[in-house]
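Chain by chain, the residues run as shown.
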Protein chains: 2
Amino acid sequence: MTHVYDVFEVRLNAAFAGNPYLEVTLHADFSFGNRTVRVTGFYDGEDSYVLRFMPDCEGEWTYRTKSNLAALDRIGGGLTAVPARPDVHGPVRVRHRFHFAYADGTTYLPFGTTCYAWTHQPIALQEETLATLAKTGFNKLRMAVFPKDYPFNTNEPLQPIYLAGADGNLDFDRPNPAAFRHFEAQIAQLGEMGLEADVILFHPYDRWGYATMTAAQNRRYVAYIAARLAAFRNVWWSLANEYDFMLNTIPMADWDGFCHILEENDPWQHLKSIHNGDPKMNFDHRKPWISHVCIQNWDVKRMPEWRAAYGKPVIDDEPEYEGTIWPAWGNITAEELVHRFWLALMRGGYAGHGETYADPDDLIWWAKGGKLKGEAWQRIAFLHALLRDSGVVGLEPMSGLIDGWPWTRVSGVKDLGGRVSFIYFGEHQPNQWTTGLPTDDGRYAVDLIDTWAMTVTPARQIPPLVQHPTRHGDAVRGGVADAAFGIELPGRPHLALRIVKLA
Amino acid sequence: MTHVYDVFEVRLNAAFAGNPYLEVTLHADFSFGNRTVRVTGFYDGEDSYVLRFMPDCEGEWTYRTKSNLAALDRIGGGLTAVPARPDVHGPVRVRHRFHFAYADGTTYLPFGTTCYAWTHQPIALQEETLATLAKTGFNKLRMAVFPKDYPFNTNEPLQPIYLAGADGNLDFDRPNPAAFRHFEAQIAQLGEMGLEADVILFHPYDRWGYATMTAAQNRRYVAYIAARLAAFRNVWWSLANEYDFMLNTIPMADWDGFCHILEENDPWQHLKSIHNGDPKMNFDHRKPWISHVCIQNWDVKRMPEWRAAYGKPVIDDEPEYEGTIWPAWGNITAEELVHRFWLALMRGGYAGHGETYADPDDLIWWAKGGKLKGEAWQRIAFLHALLRDSGVVGLEPMSGLIDGWPWTRVSGVKDLGGRVSFIYFGEHQPNQWTTGLPTDDGRYAVDLIDTWAMTVTPARQIPPLVQHPTRHGDAVRGGVADAAFGIELPGRPHLALRIVKLA
């Protein structure tokens, strides 16, 4: 008996004289009525082979293996899939073009943070990371398979990702099952906590050789990790972090191939994207094997441009990190990061959190996890809860795909659910507001939100602004629409409005 | 006897039965040795005709008129040009491609503000405007020839710009000499106070008909205002404010023609530009008759893009205004406007100030002048004084034309004078900094500047940052250069460094 969206595992044993990683193929067809799902198996060490399957509907499934090793071939069995456990909603999918939902239809609003190398730190620190995450509103974590060599990241990982060969060097044809099992255990733990694991397959911060494997080794690695991880409902594939900083070792053409290998070996087609370093080097996210846009860019007001360019959900994973370390991507204020989160959301996209406060022991959340020291994460949790509690399905810019007046300056979104809209003023501090407010004669509850103080208070409705006519200017260009009412505002920054239509 | 850069005026009288504005032509050739400067005259009412000349070098000048009216033709005379008065430096020119200097070689760093319709307000308010300007560090004022009809601008102007015809309507073939004389007097007054007058010839905010004159009337108006104003050393030509909002009355093709008319009738070739409304509608400032770029754009970090696109000095006149009025271009915080000024300057461009605090009597600096109520202007004056006192000639981005790492995030400039450089952190708050600091073994004075508190204090020099090597990342891409020293920073925002090479 397996719950829908949980992992059903088949473990088989067979002796093999050669290198099973290179030479043994293993698949299984899982069947449900006329439907067949092809699952790739993998070698897990010590003559053990594994097939992992995630049932996505209730009922009786059967399976039958296929292998070039006789002992693994034509083995059959079955499972009974029962209803998903409470709070388990399945993998996240794209919905309504620019937004996300779990497989069971529950809305998913990505509010992610970043601990690139947390699974490679001492176990006590990993436990602290999980305990910290449990206190936050984050529901996604960017994390890399390979350990990290970088400023502030000089310690050795807990264990190597590949086994040492006879010469003592890592043998990139022999994955270390223990390392992957640990990584999987942490993904599973995140899943239980309601977090998606945004798994980064490649990155350039390396002194061990992971960034300089051969092209064939890279392809095998991608197939292998797909076989190992795809049955975990909360996995997302992030092909790389800052792919453009490793084009000297992984050329541009290879990335598409990795996506195809994932598609071949991931029966559940988890979300796939790839993250740039240089803001001018966004990947061509229009490609059909990219499910959503991941970018690094400080200029989050440009969100509508990226939506229009790629036509997919946009997550700005790195709108710069809150902190004080010397690299210029890692030292904005908490206020600025909170501002950028609101801007991203209030222009139809999503943002990612990271924290990089200088630490005497280099214990920095962004790479190692541990403790959060800043002041943005609480406000981000507040924003997340506010949207969730408001029943948000997906926020669409008031101006449509390309932003028009005044939405290049202030930000406004309407929810696809049709009941709620938001206007975010940020650095703007008008003493009243009318544009974008409802134009019908329905009843509305309007709240004033202080994005820093995390307060929600009723806003005072006033007569709509009647603008002195402008012969060639605003009136013609839609400066103030025919709103049914206006809102009085206190003339200070970092405020937003929530407008809810009452029944 | 006329001082260099002052106005020498020739006034002639002649009776004429028709409309002198339409029918009488008047020019004079002013000669100095073999050099000849052709000056256009204008009709000033009551049978009076005027020629204005600004000598740009000392010595004996002679002139001789040419007119289709015999009484004005072949009239000769002369003047003795003596050295310029103290603090008079002549017209501002482009220097070093992206910067400005007065004709006598004195550096000019534009720090402008905006009072679009100040010359059309009651005289007492105009006097208050001048008194306010005298307290500030502003050295340029954007101001329109025509009065303004717009939200918060509903009052009638002091006087019409054209005379009423027999039908009581304005006759756009009969300029009102009194209105222009008043406008000129205020330009002269600004000149005495050290301010350039950025004269806006057309704008769309109109209920009197100035924005809907015929094409021929527009062309005559441009020639007329050039004849009247060109001899004032402190005039800049701003062809329009938000030209793209009046394309329904002045089509795109006409703007180039206006520039040519200015070139024909302005012997001193004052600076010329044209200001857009929609951020996507920048004029094509590459055209040779445009001397410098004027734009309206909130995204001042993109300054290096505009420098590269146009290859000319860039002034972002409207990076949004400090205030609380409802239009989204007029309600950012003082902190944000100060930030945007620093960003513009620290990326090789210039910015413009405006203030739009809601006022019960609509007395708003941006249009009417009067009093300044905000907190940005003092910080802008501080920045201006800091650059002037540092002997700045022209600030060039550390990264050259197109910005590279880390200068898309923080901002750094070197002065063309070779002695001083600045790094501006803004929303960034690193605890130390090395990139962009001097690489030689000279002695340097480094000051920490608090851009809001307006303090300049010595910064602590520390050993340069030695970065943990990154195999594919920052080190290769120049994250930290081989600086001779680093600077300790307090880990809070809105700071800058000034680095001065000691003799």
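Residues numbered from 1 in each chain as written. Chains lettered and ligands numbered in written order. Predicted model: local features only at pLDDT ≥ 70, side-chain atom pairs only at ≥ 80, totals over all residues. Heavy atoms only, no water.

Before going further, it helps to spend a moment on unusual backbone geometry. Only a minority of non-glycine residues have a phi that is not negative, and only a minority of peptide bonds are not trans. With a phi angle near 60 degrees, A:R74 is a residue other than glycine that sits in the positive phi range. You can see A:R74 is positioned in the loop between β7 (59–67) and β8 (76–82). Even without glycine at this site, B:Y5 takes up a positive phi of about 75 degrees. Assignment of secondary structure puts B:Y5 in the loop between β1 (2–3) and β2 (8–13). Residue B:Y5 is classed as buried on the basis of its relative accessible area, which comes to 8%. (Helix = DSSP H or I, 4+ residues; strand = E, 2+ residues; numbered from the N terminus. Buried < 20%, exposed > 50% of the residue type's maximum accessible area, 1.4 Å probe, protein only.)

All names here are of chain A. Following both chains from N to C, one finds helix α2 (residues 123–135) and helix α3 (residues 177–192) inclined at 20 degrees, their axes separated by 11 Å at the closest point. Between α2 and α3, the angle falls in the class roughly parallel. As for the relative orientation of α2 and α3, their crossing is right-handed in sense. Note on element contacts: α3 touches α2 through H182, Q186, Q189 and L190, opposite I123, Q126, L130 and L133. Residue composition of the contact of α2 with α3, grouped by class: 4 nonpolar, 4 polar and no charged. (Axes fitted to C-alpha atoms, helices over the stretch in contact; angles between N-to-C directions. Parallel < 35°, antiparallel > 145°, perpendicular 65-115°, else oblique. Left-handed = near helix turned anticlockwise from the far one by under 90°. Contact = heavy atoms within 4.5 Å. Nonpolar A, V, L, I, M, F, W, Y, C, P; charged D, E, K, R; others polar.)

To continue, consider the sheet that holds strand β26 (residues 420–424) of chain B. Residue and element names in this part refer to chain B. On the basis of which strands lie adjacent, the open sheet formed by 6 strands has the order β24-β25-β26-β32-β28-β29 and antiparallel pairing. Of all strands in the sheet, those bounded by a partner on one side alone are β24 (395–397) and β29 (455–458). If you compare each strand with its neighbour and ignore which way they point, the axes differ by 25 degrees on average. Pairing of β24 with strand β25 (residues 411–415), which is carried by 3 bridges, proceeds in the antiparallel orientation. Its bridge partner being in β25, L395 is matched across the sheet by D415. (Pairing = 2+ DSSP bridges.)

Many structure descriptions define interface size as the accessible area lost when the parts assemble. Taken together, the contact between chain A and chain B spans 61 residues of the former and 60 residues of the latter. Summed over both partners, the interface of chain A with chain B buries about 5100 Å², with 56% contributed by carbon and sulfur atoms. In this structure, the connection of chain A to chain B is made through 4 salt bridges. For B:E320, the salt bridge identified is with A:R409, shortest N-O distance 3.1 Å. The tally of links from chain A across to chain B stands at 24 residue pairs in polar contact (both at pLDDT 80 or more). Of the residues belonging to the side of chain A that touches chain B, the class tally is 22 nonpolar, 21 polar and 18 charged. (Buried area = accessible area lost by both parts, 1.4 Å probe. Salt bridge = Lys/Arg side-chain N within 4 Å of Asp/Glu carboxyl O. Polar contact = N/O pair within 3.5 Å; in protein donor to acceptor, adjacent residues only side chain to side chain.)

Take the relation of the copies chain A and chain B next. Overlay of chain A on chain B (RMSD 0.0 Å): rotation 180 degrees, translation along the axis 0.0 Å. The superposition operator between the copies reduces to a two-fold rotation axis. When C-alpha positions in chain A are compared against the rotation axis, the closest is assigned to A:D299, at 4.3 Å. The share of interface residues of chain A whose copies in chain B are also at the interface is 98%, consistent with both copies meeting through the same surface. (Least-squares fit on C-alpha atoms with pLDDT ≥ 70 in both.)

Time to look at the pairing of strand β29 (residues 455–458) of chain A. In summary, the side chains of a regular strand alternate between the two faces of the sheet. Residue and element names in this part refer to chain A. The sheet contact formed by strand β28 (residues 444–450) and β29 spans 4 bridges and is antiparallel. Considered in β29, the bridge of D450 is made with T455. Between β28 and β29, which follow one another and run antiparallel, lie 4 residues, and M454 among them has a positive phi close to 60 degrees.

As a further point, take the side chain of B:N265. Residues and elements named next belong to chain B. Within the secondary structure, N265 is located in helix α5 (residues 252–265). A polar contact of 2.9 Å, which involves the side chain of N265, links it to the backbone oxygen of I261. Non-local contacts of N265, meaning those with residues more than four positions away in its chain, are made with T40, A223, A226, A227 and A230.

Each turn of an α-helix holds 3.6 residues, which means side chains three or four residues apart point in the same direction. Residues and elements named next belong to chain B. Taking 1.5 Å per residue, 16 residues should reach 22 Å; helix α3 (residues 177–192) reaches 22 Å between its end C-alpha atoms and fits that length. Among all positions in α3, only P177, A179, F180, H182, F183, E184, Q186, I187, L190 and G191 are buried. Backbone geometry just downstream of α3 places G194 in the positive-phi region, at approximately 90 degrees. (Expected span 1.5 Å × (residues − 1).)

Bringing the pattern of salt bridges into the picture now. Residues and elements named next belong to chain A. Taken as a whole and judged by the stated rule, the model has 80 salt bridges over all chains. A salt bridge links R228 to D44; its shortest N-O distance comes to 2.8 Å. Of this pair, R228 sits in helix α4 (residues 215–229) while D44 sits in the loop between β5 (42–43) and β6 (48–53), and the two are 184 residues apart along the sequence. No difference in accessibility class separates R228 from D44, as the two residues are buried. R207 is paired through a salt bridge with E156; the nearest N and O atoms lie 2.9 Å apart. One end of the pair, R207, is in the loop between β16 (196–202) and α4; the other, E156, is in the loop between β13 (140–144) and β14 (162–164), with 51 residues separating them in the sequence. You can call R207 partly exposed: its relative accessible area is 27%. Connected through salt bridges with shared partners, the residues E9, R11, D44, R52, R181, E184 and R228 form a single ionic network.

Time to look at the sheet that holds strand β13 (residues 140–144) of chain B. Sheet strands line up and pair through hydrogen bonds in the backbone, either parallel or antiparallel. Residues and elements named next belong to chain B. An order of β12-β13-β16-β17-β18 is seen for the 5 strands of this open sheet, with the pairing classed as parallel. Looking at strand neighbours, the two that pair on one side only are β12 (112–114) and β18 (272–273), the edges of this open sheet. In this structure, β12 lies alongside β13, joined through 3 bridges in parallel fashion. Residue G112 lies in a different strand from β13, and its bridge partner there is K140. Along the sheet face, helix α4 (residues 215–229) touches β16 (196–202) and β17 (235–240) and points at about 165 degrees away from the line of β16. α5 rests against β16, β17 and β18 of the sheet, and its axis sits at about 160 degrees to β17.

Attention shifts here to α2(A). Residue and element names in this part refer to chain A. Helix length check: α2 (13 residues) gives 19 Å between terminal C-alpha atoms against 18 Å at 1.5 Å per residue, within 8%. For α2, the complete set of buried residues consists of L125, Q126, T129, L130, T132 and L133. Buried residues of α2, seen end-on, are gathered within an arc of 160 degrees and therefore sit on one face of the element. Opposite its buried face, α2 presents the exposed residues A124, E127, A134 and K135, each directed more than 90 degrees away. Residues of α2 that are buried sit in contact with β12 (112–114), β13, α3 and α8 (365–368). (Arc of directions from axis to C-beta.)

Function cannot be read off these values alone, since they describe shape.
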